[in-house]
Amino acid sequence: MGPRWKGKSAEAKALADPMSTIVSQLSSSLTQSHARGLLTGCSVLLAVEAEQTELITRACFGRPVINAEKEKQWFQLGLEEAFYLHYYFKCLEIVGDDDCVKNSDELWQYMKSKMATFPDLFKSYSHLRKKNWLVRPGSQYGVDFVAYRHHPSFVHSEYAVLVSSEEEDTGRLRVWSDFYCTIRLCGSVAKTLLVVNISKHGNGDTSPSCLEGYSVREHIITRWSSEQSREEQTSSENTTNAV
């Protein structure tokens, strides 16, 4: 389907400001300020300065929270987003209700307790983020994530992402009708269905170190168009006859 840029100059602006550079700048800024987030339910609240507000908005992490403070802006990070900044970039400390800093293993157990599928979702999220896709929640489309080529102000989301596991039955895409309904939905919102399959190879999910033993397979699923195939075949036959 390809990217759908928002305006004639959107692609050029995105290429001039790569997402990898933005995330690197955000990581450096959070590290220097000793950023600290607060665990609250299934999210992490993070207060940032004005400069960081621009960076975190450009990198598209979390959602802004309306508040009366003028000096700081609060953002609500999803569990995958917060753990990604904490675990891979080492730029975010996270505290619990007891105001004590949690280590990676403690955070991992907490997040698993909130979402049983957190290991699979986080592996998928981090896999796409490392490939410089911008990943956002996809619940409004009935999927786990949506993936953007760059910031949503420049381009529409390109992929609707479903996460599956070889070891665990998620109850989705088990029969052909599930595929059909999901692909029809994706087509109606101009997105391509991307199924990210996580294989744990017996590594379990007792700690984040298990992630290194996971493997990821991507499957792009689209509808087959009989009209398009017939036109291509006709075109090929005409070319052959002409020769």
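In this text the structure is predicted, and so the values were computed from the model without any measurement.

*Asks:* What should I look at first to understand the sheet that holds strand β6 (residues 134-137) in this one?
*Replies:* Taken together, the five strands give an open sheet; going across it, the order is β6-β7-β8-β9-β10, and neighbouring strands pair in mixed fashion. Only two strands of the sheet have a single partner each, and these edge strands are β6 and β10 (215-221). Ignoring which end each strand starts from, the neighbouring axes of this sheet average 30° apart. With seven bridges joining them, strand β8 (residues 159-165) and strand β9 (residues 192-199) adopt parallel strand pairing. If you follow Val163 over to β9, its bridge partner there is Val196. On the sheet, helix α7 (residues 176-188) packs against β8, β9 and β10 and is oriented at approximately 130° with respect to β9.

*Asks:* Help me out: how do you make sense of the nonpolar core in this one?
*Replies:* Nonpolar side chains in soluble globular proteins generally cluster together in the buried interior. Membership of the largest hydrophobic core comes to 57 residues, with the highest contact counts inside it found for Leu30, Leu46, Phe61, Leu77, Phe83, Leu92 and Val161. Among the elements that make up this core, the one with the highest residue count is helix α4 (residues 79-87) (six residues). Filtering out sequence-adjacent residues up to four positions away, Phe83 remains in contact with Tyr88, Ser104, Leu107, Trp108, Met111, Phe118, Phe122 and Pro208.

*Asks:* What am I meant to see in the side chain of Glu158 here?
*Replies:* Relative to the helices and strands, Glu158 resides in the loop between β7 (145-148) and β8. Among the polar contacts made by the side chain of Glu158, one reaches the side chain of Arg149 at a distance of 2.8 Å. Excluding residues within four positions of it along the chain, Glu158 makes contact with Gly2, Pro3, Trp133, Ala147, Arg149, Lys191 and Thr192.

*Asks:* Mind showing me how you'd approach the pairing of strand β4 (residues 73-78) here?
*Replies:* Looking along a regular strand, one sees the side chains alternate between the two faces of the sheet. As paired strands, strand β2 (residues 43-48) and β4 are joined by six bridges and run antiparallel to one another. In the strand pairing of β4, Val44 is matched with Leu77. Here strand β3 (residues 63-65) runs beside β4; their pairing, made up of three bridges, is antiparallel. Note that in β4 the partner of Arg63 across the bridge is Gln76.

*Asks:* Please clarify how the environment of Thr31 should be interpreted in this entry.
*Replies:* Here Thr31 is to be found in helix α2 (residues 19-32). When its relative accessible area of 39% is taken as the criterion, Thr31 is described as partly exposed. Residues Thr31 and Phe89, spaced 58 residues apart in sequence, show a C-alpha to C-alpha distance of 8.8 Å. Setting aside its immediate chain neighbours within four residues, Thr31 contacts Lys90 and Cys91.

How each quantity is defined
Residues numbered from 1 in each chain as written. Predicted model: local features only at pLDDT ≥ 70, side-chain atom pairs only at ≥ 80, totals over all residues. Heavy atoms only, no water. Pairing = 2+ DSSP bridges. Helix = DSSP H or I, 4+ residues; strand = E, 2+ residues; numbered from the N terminus. Axes fitted to C-alpha atoms, helices over the stretch in contact; angles between N-to-C directions. Contact = heavy atoms within 4.5 Å. Core = buried A, V, L, I, M, F, W, Y, C linked by side-chain atoms within 4.5 Å. Buried < 20%, exposed > 50% of the residue type's maximum accessible area, 1.4 Å probe, protein only. Polar contact = N/O pair within 3.5 Å; in protein donor to acceptor, adjacent residues only side chain to side chain.

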